[in-house]
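Letter by letter, the chains look like this.
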Amino acid sequence: MSWSKRSRQARGYDAKWERTRLLVLRRDNGLCQCDRCKGGELRLTPATEVHHVTSKARAKALGWTRAQTDDPSNLASMSHECHLLADAEAQGRTLKQGCDLNGMPLDPKHAWNKGRGAAIAPDRQAKDRAPSLAQSRLYFAGKRKCA
Ligand SMILES: [Zn+2]
């Protein structure tokens, strides 16, 4: 994921996108829809972001219109860390750095994740992944300021 010099509006993240984003987050009950979170018995990972299942770059290459690209059927709510991983996977990259909300490295191969299962392993219990309520509040407060 590289930082674009173009504005959020120029990249298609405008008021229309914000409405779609909120609609998708509501549709998904504010929970992360990634395969790893869905694979758990509980899906309690709060979602704050909306992911393009077929990436915008791929959709552009396929000749999709913006309406097709931003259609709710191509969108899924995700937590920030799952969104980073999904985008990295879509680009054929693996995350080498970065931490989850608990400060644990996202890289499953990181030494800190040895013996406790990968930080993002499908078999990991959702309760282990989900941040505490206090952390969630901090996180959501942080997102609101940035949005
Ligand atoms: Zn997830």
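Above this text sits the structure in question.
Remember, predicted model here, so these are calculated numbers, not experimental data. (Residues numbered from 1 in each chain as written. Predicted model: local features only at pLDDT ≥ 70, side-chain atom pairs only at ≥ 80, totals over all residues. Heavy atoms only, no water.)

Bringing the coordination of the zinc ion into the picture now. Distances from the zinc ion to its protein donors, Cys 32 (SG), Cys 34 (SG), Cys 37 (SG) and Cys 82 (SG), fall at 2.2 to 2.3 Å. Angles of 104 to 113° at the metal separate the 4 donor atoms of the zinc ion, which places the site in the tetrahedral class. If you list the donors of the zinc ion from N- to C-terminus, the spacing comes out as C-x1-C-x2-C-x44-C. Classification of Cys 34 by relative accessible area gives buried; the value is 5%. Residue Cys 37 is classed as buried on the basis of its relative accessible area of 3%. (Donors = N, O, S within 2.8 Å, 3.2 Å for Na, K, Ca; no water. Tetrahedral: all angles 85-135°; square planar, octahedral: opposite > 155°, others 65-115°. Buried < 20%, exposed > 50% of the residue type's maximum accessible area, 1.4 Å probe, protein only.)

Quick look at the environment of His 51 now. Tracing the backbone shows His 51 in strand E1 (residues 49–52). Here the alpha-carbon distance between His 51 and Ala 86, two residues 35 residues apart in the chain, equals 8.1 Å. (Helix = DSSP H or I, 4+ residues; strand = E, 2+ residues; numbered from the N terminus.)

The next subject is helix H1 (residues 15–27). In a regular helix each residue adds 1.5 Å, so 13 residues correspond to 18 Å; H1 covers 18 Å between its end C-alpha atoms and thus fits that length. Among all positions in H1, only Trp 17, Thr 20, Arg 21, Val 24 and Leu 25 are buried. All buried residues of H1 fall inside an arc of 135° around its axis, so they share one side. In H1, those exposed residues whose orientation departs by more than 90 degrees from the buried face are Ala 15, Lys 16, Arg 19 and Arg 26. Of the surrounding secondary structure, the elements contacted by the buried residues of H1 are E1, helix H4 (66–69) and strand E2 (75–78). (Expected span 1.5 Å × (residues − 1). Arc of directions from axis to C-beta. Contact = heavy atoms within 4.5 Å.)

The analysis is restricted to geometry; functional conclusions fall outside its scope.
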